[in-house]
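Descriptive structure summary
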Amino acid sequence: METRVPARLSVMKKKIFYQLILEGEKSENSNRVLTLDQNLKAMDSDNLHYFFDKYENADHISVATYGIGKAFDNIFGMFKPISPKEYKEKILTQVGPVFDYLADKQASIENLFGFKKTTSLNDIMAIYAASRKKEDFESLKPLSDLCKREYPNTMLGFYFEAEYYEQLGEPKKALRTFEKAFGMEEIDFLTKEMALEKIDALKADFGY
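Let me sum up the structure you'll find in this document. Note that the coordinates shown come from a computational prediction; the quantities given were computed from them, not determined experimentally.

Moving on, we come to the overall build of the chain. Each helix and strand in the chain was counted, giving 10 helices and 2 strands. Of the regular secondary structure in the chain, the N- to C-terminal order runs α-β-α-β-α-α-α-α-α-α-α-α. Relative to a compact globule of 208 residues, whose C-alpha radius of gyration would be 17 Å, the chain shows 24 Å and is clearly more extended. Each of the three principal axes of the chain carries a C-alpha extent, and together these read 80 × 30 × 30 Å. When the accessible surface of the chain is summed, it comes to about 12,300 Å², and 53% of that surface belongs to carbon and sulfur atoms. Across the chain, the mean location of the 30 positive side-chain charges is 4 Å away from that of the 34 negative side-chain charges.

Turning our attention to the environment of arginine 8. With respect to the element layout, arginine 8 can be found in helix 1 (residues 4-10). Exposure remark for arginine 8: the relative accessible area of 52% places this residue in the exposed category. Distance in space between the C-alpha atoms of arginine 8 and glutamate 197 is 60 Å, their sequence separation being 189 residues.

On to the packing of aromatic side chains, then. If you walk through the whole model with that rule in mind, you get 11 aromatic pairs. Aromatic side chains phenylalanine 76 and phenylalanine 79 sit 6.2 Å apart centroid to centroid with 40° between the ring planes, which places their arrangement in the tilted category. The partly exposed category is assigned to phenylalanine 76, whose relative accessible area is 36%. Of the residues examined, phenylalanine 79 reaches a relative accessible area of 25% and is grouped as partly exposed. An aromatic cluster is defined as three or more aromatic residues linked by ring pairs; in this entry it consists of Phe72, Phe76, Phe79, Phe113 and Phe115. Lying across the ring of phenylalanine 182, lysine 192 places its NZ or CZ 5.3 Å from the centre.

A contiguous patch of negative charge on the surface is contributed by Glu186, Glu193, Glu197 and Asp200. Its place among the elements puts glutamate 186 in the loop between helix 9 (171-182) and helix 10 (192-206). Overall, glutamate 186 belongs to the partly exposed group, its relative accessible area being 45%.

We now examine unusual backbone geometry. A positive phi is found at glutamate 135, a non-glycine position, where the angle reads about 55°. Here glutamate 135 is to be found in the loop between helix 6 (121-133) and helix 7 (140-150).

All right, on to helix 7 then. Within the span of helix 7, buried status applies to Leu140, Leu143, Ser144, Leu146 and Cys147. Taken down its axis, helix 7 places every buried residue within 160° of arc, on the same side. For helix 7, the elements touching its buried residues are helix 5 (99-113), helix 6 and helix 8 (156-168).

For side chains of opposite charge, pairing can occur when their charged atoms come near one another. Going through the model one piece at a time under the given rule, you end up with 13 salt bridges. Across the salt bridge formed by aspartate 73 and lysine 80, the nearest N and O atoms sit 2.7 Å from each other. Since its relative accessible area comes to 33%, aspartate 73 is described here as partly exposed. Lysine 80 gets classed as partly exposed once you look at its relative accessible area, which sits at 44%. The closest approach of N and O atoms between lysine 198 and glutamate 166, which form a salt bridge, is 3.2 Å. Of this pair, lysine 198 sits in helix 10 while glutamate 166 sits in helix 8, and the two are 32 residues apart along the sequence. Relative accessible area serves as the criterion here: at 23%, lysine 198 is assigned to the partly exposed category. For glutamate 166, a relative accessible area of 28% translates into the label partly exposed.

Calculation criteria
- Each chain has its residues counted from 1, following the order in which its sequence is written.
- Selection of residues for local features in this predicted model requires a pLDDT of at least 70, selection of side-chain atom pairs for listing and counting requires 80 or more, and totals for whole chains, interfaces and linings are taken over all residues.
- Side-chain metrics rest on all non-hydrogen atoms present in the structure, leaving aside hydrogens and water.
- The way it works is that DSSP assigns letters per residue, a run of H or I at least four long becomes a helix, a run of E at least two long becomes a strand, and they are numbered from the N terminus.
- Each radius of gyration reported is based on C-alpha atoms, and the globular scaling rule is 2.2 Å times the count of residues to the power 0.38.
- Under the convention used here, a 1.4 Å probe and the Shrake-Rupley method define accessible areas, while residue burial counts only the protein chains that appear.
- Only four residue types enter the tally: Lys and Arg on the positive side, Asp and Glu on the negative side; His and the chain ends are excluded.
- Each charge is placed at NZ for Lys, CZ for Arg, CG for Asp and CD for Glu.
- Buried residues are those whose accessible area, probed at 1.4 Å on protein chains only, stays under 20% of the maximum for their type, while exposed residues exceed 50% and partly exposed ones sit between those limits.
- For Phe, Tyr and Trp, rings pair up if their centres lie within 6.5 Å, where Trp contributes its six-membered ring, and each pair is then called stacked (planes under 30 degrees apart), edge-to-face (over 60) or tilted (otherwise).
- Only lysine NZ and arginine CZ atoms are considered, and such an atom sits over a ring when it is within 6 Å of the ring centre and within 35 degrees of the ring normal.
- Exposure above 30% relative accessible area and the absence of a salt bridge qualify a residue for a patch, where like charges join within 9 Å and nonpolar side chains (Val, Leu, Ile, Met, Phe, Trp, Tyr) within 5 Å.
- By salt bridge we mean one thing: a side-chain nitrogen of Lys or Arg within 4 Å of a carboxyl oxygen of Asp or Glu.
- This arc is built from the directions going out from the helix axis to the C-beta atoms.
- Two residues form a contact once any of their heavy atoms are found within 4.5 Å.

Shown next, in the form of structure tokens:
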């Protein structure tokens, strides 16, 4: 198993989640399991999502009850909203547009489970906040397009698009788009008052 499992996984063309668990109670197979762990960790495969846990208080019978729950959590963890830890450690350190992180997450869900999941407001706001913090304003355009598709009656899509034009130095387009956002439904932190403040500021700055 120490060599056959890595050999088989190395040629798999689809994404595989593999959870290896080890009980704390020493057995004749403990060293072999640890060898398998090292061989799997040494693999270089984009299709393998590998996890290893050792449960010190478990024996060879109870260890499965520990591992099954953790395995499900690892497989379906991508359904969870973006956490503050994920935001800081993965999104803010992302190389390239931060929107790509969200696009990759949604694509993985669709590829693995065969359906499209509506993007949560939490995830949208995390990408929005990251794009502003990193001054990655190019990410606002695909984010606005996503919001128009998934939240078509709300201000989200047009508001983000208007901010994109504002940062791009196109005040006329920004003004018209903020006006469109003003006519849509409020959602989350976005209010008509915020859109109106943007409209008034642009008019004052550029004399429209």
